[in-house]
Amino acid sequence: MSESPKNWIYRHTINARICHWIMVLSFVYLLYSGIMIFLHFPELYWGKVGFQGYPTIFKLEDWGISWEQSEELGDRRWGRNYHYLFAWVFVINGLVYLLWNAWQKKFYRKILPTREQLSPTNFKSEMVRHLKFKAAKGEQAKQYNVLQKLSYLIVLFALFPFMIISGFAQMPAFTAISPELIDLFGGRQTARTLHVVCSLLLVVFVIVHLLEMFIAGAVNQLRGMIIGKYEIIGDEK
Ligand code: HEM
């Protein structure tokens, strides 16, 4: 290889890499098992009450799949087993990630946008670059851009905690000790509906995240997330 050593950086800490891949695995299982659970009860309600025949806010039947067909596609027993297993993996992994990062102060520098990055000029130029599907180059590629930082902050500190809280609000064993959690949502059915809506937002995030990975160079990005080594290509223009 002819690259000079200065073209390589260590992009992700060992903590970020291990927790990232555990999170990917648990997310895939949580999503798949969640779909299996949903297919066994393919309607969503708002408030405290929900049963077949009760007014819905969403039903799969409106999309051409009858309750019986949906039930056949789903598998609630398998889904519940794996959803509960990976919910714990997800929660414990998330805690390890946050505590480990809180201890390594570099995390805040890496993920919090700087004042300069938050300026309208930078915001606009990042939007334009993203809309043109252009990868960041040179110095710019050494750190996360402002849109990336904001989306990671939203996922880590809003969507993930929301999934966990709305998940706990659906667990009878947990709400028996803490019924306030159901009141917080105004009913178990609302918690369930919002859990599904938030899953869809996470799916949108994952699609955009993967698209960005391909635009920025999948091999380089994946190598960075596996062994940490990341190649800085070209200059900024
Ligand atoms: C972040 C990834 C996650 C995704 C994509 C996801 C997705 C889903 C989906 C689609 C359902 C089906 C909703 C239904 O029809 O009842 C569901 C149910 C559920 N989820 Fe999650 N979930 C995630 C994380 C969690 C976590 C972290 C917890 C626990 C803290 C949790 C607890 C639950 C519970 C208790 C149910 C109801 C299961 C049942 O009816 O037995 N989920 N989830």
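Residues numbered from 1 in each chain as written. Predicted model: local features only at pLDDT ≥ 70, side-chain atom pairs only at ≥ 80, totals over all residues.

### What to know about the overall build of the protein chain
Regarding its fold elements, the protein chain presents 10 helices and 4 strands. Counted from the first residue to the last, the protein chain has its helices and strands arranged as β-α-β-β-α-α-α-α-α-α-α-α-α-β. Along the first, second and third principal axes, the C-alpha atoms of the protein chain reach 65 × 40 × 35 Å. The 237 residues of the protein chain split such that 16% are buried. In the protein chain, the proportion of contacts linking residues at least 24 apart, taken out of those at least 6 apart, comes to 74%. (Helix = DSSP H or I, 4+ residues; strand = E, 2+ residues; numbered from the N terminus. Buried ≥ 20, exposed ≤ 12 C-beta atoms within 10 Å, placed from the backbone. Contact = placed C-beta atoms within 7 Å.)

### What about the environment of F107?
Note that F107 resides in helix α4 (residues 106–111). Exposure remark for F107: the 17 C-beta atoms within 10 Å place this residue in the partly exposed category. Considered as a pair, F107 and A16 are 91 residues apart in the sequence and their alpha carbons are 9.5 Å apart.

### Some details on unusual backbone geometry
One non-glycine residue, F133, lies in the positive phi region at around 55°. Mapped onto the secondary structure, F133 falls in the loop between α5 (120–131) and α6 (146–168).

### Here we look at the site of the ligand
In the neighbourhood of the ligand, 24 residues make up the surrounding shell, with L30, G34, F38, A87 and G167 lying closest. Here the element with the most residues in the shell around the ligand is helix α1 (residues 14–39); it accounts for 7 residues. The residue makeup of the shell around the ligand, split by class, is 16 nonpolar, 6 polar and 2 charged. (Near = placed C-beta within 6 Å. Nonpolar A, V, L, I, M, F, W, Y, C, P; charged D, E, K, R; others polar.)

### Some points on the packing of α6 against helix α9 (residues 188–216)
Where α6 meets α9, the axes come as close as 9 Å, and the angle between the chain directions of the two elements is 150°. Here α6 is positioned roughly antiparallel relative to α9, judged by the angle of their axes. Crossing geometry of α6 relative to α9 is assigned as left-handed. Contact residues: S151, V155, L159, F162, M163, S166 and G167 in α6; A191, L194, H195, C198, L201, L202 and F205 in α9. Tallied by class, residues from the contact of α6 with α9 come to 10 nonpolar, 4 polar and no charged. (Axes fitted to C-alpha atoms, helices over the stretch in contact; angles between N-to-C directions. Parallel < 35°, antiparallel > 145°, perpendicular 65-115°, else oblique. Left-handed = near helix turned anticlockwise from the far one by under 90°.)

### Examining the confidence of the model for the protein chain
Taken residue by residue, the protein chain gives an average pLDDT of 93. The fraction at 70 or more is 96%. Averaged over each element, pLDDT in the protein chain is lowest for α4 (86) and highest for strand β2 (residues 43–44) (98). (pLDDT = per-residue confidence, 0-100.)

### Description of the packing of α1 against helix α3 (residues 76–103)
Two elements in contact, α1 and α3, have axes whose closest approach is 8 Å; the angle formed by their N-to-C orientations is 155°. The angle between α1 and α3 falls in the class roughly antiparallel. Where α1 crosses over α3, the handedness of that crossing is left-handed. Its residues assigned to classes, the contact of α1 with α3 shows 16 nonpolar, 8 polar and 2 charged.

### With respect to α5
The first and last C-alpha atoms of α5 sit 16 Å apart over 12 residues, in line with the 16 Å expected at 1.5 Å per residue. Burial analysis of α5 places just 0 of its 12 residues in the buried class, a small minority of the element. (Expected span 1.5 Å × (residues − 1).)

### Points about the environment of S119
With respect to the helices, strands and loops of the structure, S119 is situated in the loop between α4 and α5. Look at S119 and you get partly exposed, because 13 C-beta atoms sit within 10 Å. Sequence spacing of S119 and Y97 is 22 residues, and the spatial spacing of their C-alpha atoms is 29 Å.

### Here we look at the environment of Y54
Here Y54 lies in the loop between β2 and β3 (58–59). For Y54, a count of 11 C-beta atoms within 10 Å translates into the label exposed. Between the C-alpha atom of Y54 and that of E43, which follows or precedes it by 11 residues, the distance is 9.5 Å.

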